[in-house]
Every structure is written in structure tokens, then in C-alpha cells.
Amino acid sequence: MTSPWSAALQLTVDKVLGRKHSATNAKSRIRALLPYDRTDLNPTIMEKMKDEIVAVIGKYAAVDVDRAAVKMVLDHHSQSLTAEIPLRTVTGRTKRPDTSPA
Amino acid sequence: MAAKVITVTSGKGGVGKTTTVANLAAALAAEGQRVVCIDLDIGLRNLDVVLGLENRIVYDLVHVVEGSCRLRQAMIKDKRVPELYLIPAAQTRDKSAVTPEDMVRVCNELRADFDFVFLDCPAGIEAGFRNALAPSDMVLVVTNPEVAAVRDADRIIGLVEAEQKGPAQLILNRVRYAMVERGEMLSTEDVLDILAIDLIGVVPEDPAVITAGNLGSPASLDKELLVGQAYRDIAARLLGRDVPFMSLKPKTWYQKLGTFLNGGDTK
Ligand SMILES: Nc1ncnc2c1ncn2[C@@H]1O[C@H](COP(=O)(O)OP(=O)(O)O)[C@@H](O)[C@H]1O
Ligand SMILES: [Mg+2]
């Protein structure tokens, strides 16, 4: 039996108890795995690809290796790769200068 | 008029392909359409029992393609509706006994005399799937609101597109309204958001499908059943009618009481 009332009550109870809704889990798991299924890539290959991209860019600029990332982006029936390769500046700063008073 | 050849597929097994074929074929035949369904699950035939026709099999699809019987001899006529026929799968052979070219030939022979030909695809993406896809005019992908089923549906949709048989249309089967409401089952919107294809039907989970299976009589022939209505709506959409998607919300006890007091059906 589900009325809008009992559904709403259930949701409130779940929230109070901090219960997770497994459908959200299901959806995010599918979204995470589909780009790999669709392209025949896998996390190991992605890691290797990142290392190679970092190596190429590293020939011309100082890469902040620890923060470099190559990600899959799923958008309906197309997917793409985004590479985020943060660079170290020539002055040695990796982040924006800290402006808060010392 | 030439028949439309409809392939019903899924990738994953057990999601409801055979149930879908039986119900849509029966619903269309009940509307006066001339319908043939072909079981392509060579070695694991099922559609015969779902339709309750298992005792009348003499010839099967492999006999037809090998030329050991005429096409008409392998077509078992369902007696409940005017024009519904089954061509059963061979039980003792393997999938290599039928080729995609065979299926194109068989379907072309049927096109002139029928309105719909349904192809019940086996699980998987190998030979049986190729056989079911070759003659297809329209592909229906059946899935369930579960991680593995949706993943396999995505793969099948991609393969159908690659073979230029798309765009496939989706049937979401075994939806439990109460679980969706509680956030414990993927909703229709979730699945469509992921798969990004057109929806042609949503079918609720209903024990009546199992009792219908026990009887060998598709639920779509029972006017009282909500699940039967879901299949009849899909059948109507296949006939080009613009049918709104029904609510899967079960009736509450006071609605049932109202209907009961008015002498109506309470399911
Ligand atoms: N909407 C539904 N509600 C309840 N049971 C269902 C439903 N659809 C399918 N089933 C059951 O699920 C099982 C698998 O269905 P089937 O049509 O044989 O799947 P497939 O052909 O994809 O392998 C069967 O036992 C069937 O009765
Ligand atoms: Mg089946």
C-alpha cells in the first residue's frame, strides 16, 4: 500500500534515520560503468593514458602530477574524455596565492 | 499490406522478452491483426509454453530453414484469437542451424500475408541475436529497473545502432511502484535518462504474469488485469495510436471498495 502520504512519511523517516536510497546508488553505478562499456576502456587503461598525457605535457611545462586527472564524461549516447592537467607556475606556486593574513 | 517485423531483445536473460512477445502478439491478434511469432531461442524454447501451444508442435523453425517442411506446416495456430501463429524453436539443435539469411528469407515469405511478425530473441549478443536482428524493421529492447539489466540494455542499444536497425524503443518491465516511491528502485525517468531512447511501454511487476504462464494464456487477453492493460497499450502504440502512459499506482483500499460497491472489478 502506498499513498502519497505514506511515501512522504517514509521519505521523512529515512531522512531522519540517515538512510540512503539504493536507487540513487544504482543510477550512479550505471553512469560510472557505461562509459567504459561503451568505449572498451577500463580504469587501468585510463591511468596509463593519464601518465602518457602527463609525460607529453611534461616535456613543455611543469605538471602538477598529483592533481592531474583524466575523466570519462557520459552524456546520453555520447561520451568524451576530459583531461585536467594542472601546471606548476614558474614561480613555484601550484595554487592561487594564499591571501589570508598570516 | 506488408508485415512489420519486430525484434524483441534485451542482452540479459530473464528480463521478460518471451513474456513481452506472447502478450503483444496476443493483444494484437485479439484486435484482429494477423500475427506470427517466431521463437529464436534454438535449444531452449519457451514461447510455446508461454502461449500454451507446446502440445501441438510437429515441425519447427529448423525444419523450415532446412526445407524438410513447408512454412505453413510449422505454424501452430492459436485458437483463442483469430489470427495468431507460432513457429517454435527446435529443441534438439544449436543456434548454428539457422543463419541471418535464413531469417530474412522466412520473414520475407511471411510479410505478404501478415501484419506483424515478432522475433523472440535469445539472451546474449551472439548468433541468435544476429538472426533476430537481420530481418528486423523495428527493435524493442526489454529491460528491468536493475543495474545489470540496464547495463546490458545499453550494450544492445549500441549494437542495434551499429547494425543500422535503430533507433530501438524501450519496454521497462517489472516495475514496482511502491519501491520506486521509496527510492529503492530505479524510476522510468532514471532509466530513460541513462539509456536515452524512446519509451514504448512500462509494465508493472505482477504475479498475474506467473499465473498466466501456468495457464499458458497471456495476461493481455485478460481484460481485468492492470498488467494486461500495460501490454494492450503497447500493442495500441504499435498500431500507431497515441495512448498515454498509464499510472502504475495500485488502487487504494477505499478506491477498491468504491469500485466493489459499484459492482466493478477490484484488481
Ligand atoms: N511483469 C512481470 N511481472 C511478473 N513476472 C514477470 C513479468 N515479466 C516477466 N516475468 C517473469 O519473469 C520470468 C522471465 O521472463 P521471460 O519472459 O521468460 O524472460 P526472457 O524471455 O527475457 O528470458 C518468467 O518467469 C516470467 O513469468
Ligand atoms: Mg525468452
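Note: the structure precedes this text.
Residues numbered from 1 in each chain as written. Chains lettered and ligands numbered in written order. Predicted model: local features only at pLDDT ≥ 70, side-chain atom pairs only at ≥ 80, totals over all residues. Heavy atoms only, no water.

### Focus on the overall build of chain B
As a reminder, the rule being used: A helix here means a DSSP run of H or I that spans at least four residues, while a strand means a run of E at least two residues long, and both kinds are numbered starting from the N terminus. Here the globule rule is a power law, 2.2 Å times the number of residues to the power 0.38, and the radius of gyration is based on C-alpha atoms. To sort residues, take the accessible area from a 1.4 Å probe on protein chains only and compare it with the maximum for the residue type: under 20% means buried, over 50% means exposed, and anything in between is partly exposed.
Helices and strands together make up the secondary structure of chain B, namely eleven helices and eight strands. Relative to the 2.2 N^0.38 estimate, which gives 18 Å for 267 residues, the radius of gyration of chain B is 18 Å and therefore close to what a compact globule would have. The dimensions of chain B, computed from C-alpha atoms along their principal axes, are 60 × 40 × 35 Å. Within the span of chain B, comprising 267 residues, buried residues form 52% of the whole.

### So, the pattern of salt bridges
Spelled out, the test is: Here, a salt bridge means any Lys or Arg side-chain nitrogen found within 4 Å of an Asp or Glu carboxyl oxygen.
Taken as a whole, this structure holds 20 salt bridges over all chains when the rule is applied. D154 of chain B serves as the salt-bridge partner of R38 of chain A, at 2.4 Å between the closest nitrogen and oxygen. Residue R38 of chain A is located in helix 2 (residues 22-39), and its partner D154 of chain B is located in helix 6 (residues 147-162); the two belong to separate chains. Two residues, R182 of chain B and E184 of chain B, come together in a salt bridge whose shortest N-O distance is 3.1 Å. A relative accessible area of 25% places R182 of chain B in the partly exposed class. The exposure class assigned to E184 of chain B is partly exposed, which follows from its relative accessible area of 33%. If you follow the salt bridges from partner to partner, you end up with K27 and R31 of chain A together with D190 and D193 of chain B in one network.

### Observations regarding the interface of chain A and chain B
For clarity, the threshold we go by: The contact definition used throughout considers only heavy atoms, calling two residues in contact when any of these lie within 4.5 Å. Summed over both partners, buried area is the accessible surface (1.4 Å probe) that two parts give up on being assembled. In protein, a polar contact requires one atom able to donate a hydrogen and another able to accept it; more generally it is a pair of N or O atoms within 3.5 Å, and residues adjacent in sequence count only if both atoms are side-chain atoms. Under the scheme applied, nonpolar residues are Ala, Val, Leu, Ile, Met, Phe, Trp, Tyr, Cys and Pro; charged residues are Asp, Glu, Lys and Arg; polar residues are all the others, including Gly.
In this assembly, 20 residues from chain A lie in contact with 22 residues from chain B. Taken over both partners, the interface formed by chain A and chain B buries close to 2,000 Å², and the fraction arising from carbon and sulfur atoms is 58%. Run the count over chain A and chain B and you get five salt bridges. Our count for the chain A to chain B interface comes out at eight residue pairs in polar contact (both at pLDDT 80 or more). Looking at the side of chain A that touches chain B, the elements that each hand over two or more residues are helix 1 (4-16) and helix 2 of chain A. Ranked by the residues each element gives to the side of chain A that touches chain B, the list is headed by helix 2 of chain A, at eleven residues. Looking at side-chain class alone, the side of chain A that touches chain B contains eight nonpolar, six polar and six charged residues.

### So, helix 10 (residues 226-238) of chain B
All names here are of chain B. Let me state the cut-off plainly: One less than the residue count of a helix, multiplied by 1.5 Å, gives the span that helix is expected to have.
Over its 13 residues, helix 10 runs 19 Å from end to end, which matches the ideal 18 Å to within 8%, given 1.5 Å per residue. Among the 13 residues of helix 10, eleven are classified as buried, and the element is accordingly described as predominantly covered. If you check which residues of helix 10 are buried, you get V227, G228, A230, Y231, R232, D233, I234, A235, A236, R237 and L238.

### Considering the pairing of strand 6 (residues 138-143) of chain B
Residue and element names in this part refer to chain B. The test is simple: Any two strands between which DSSP finds at least two bridges are classified as paired.
With six of its six residues buried, strand 6 lies for the most part within the structure. Bridge analysis of strand 6 against strand 7 (residues 169-175) gives four bridges, and the strand direction is parallel. Looking across to strand 7, one finds that V142 is bridged to I171.

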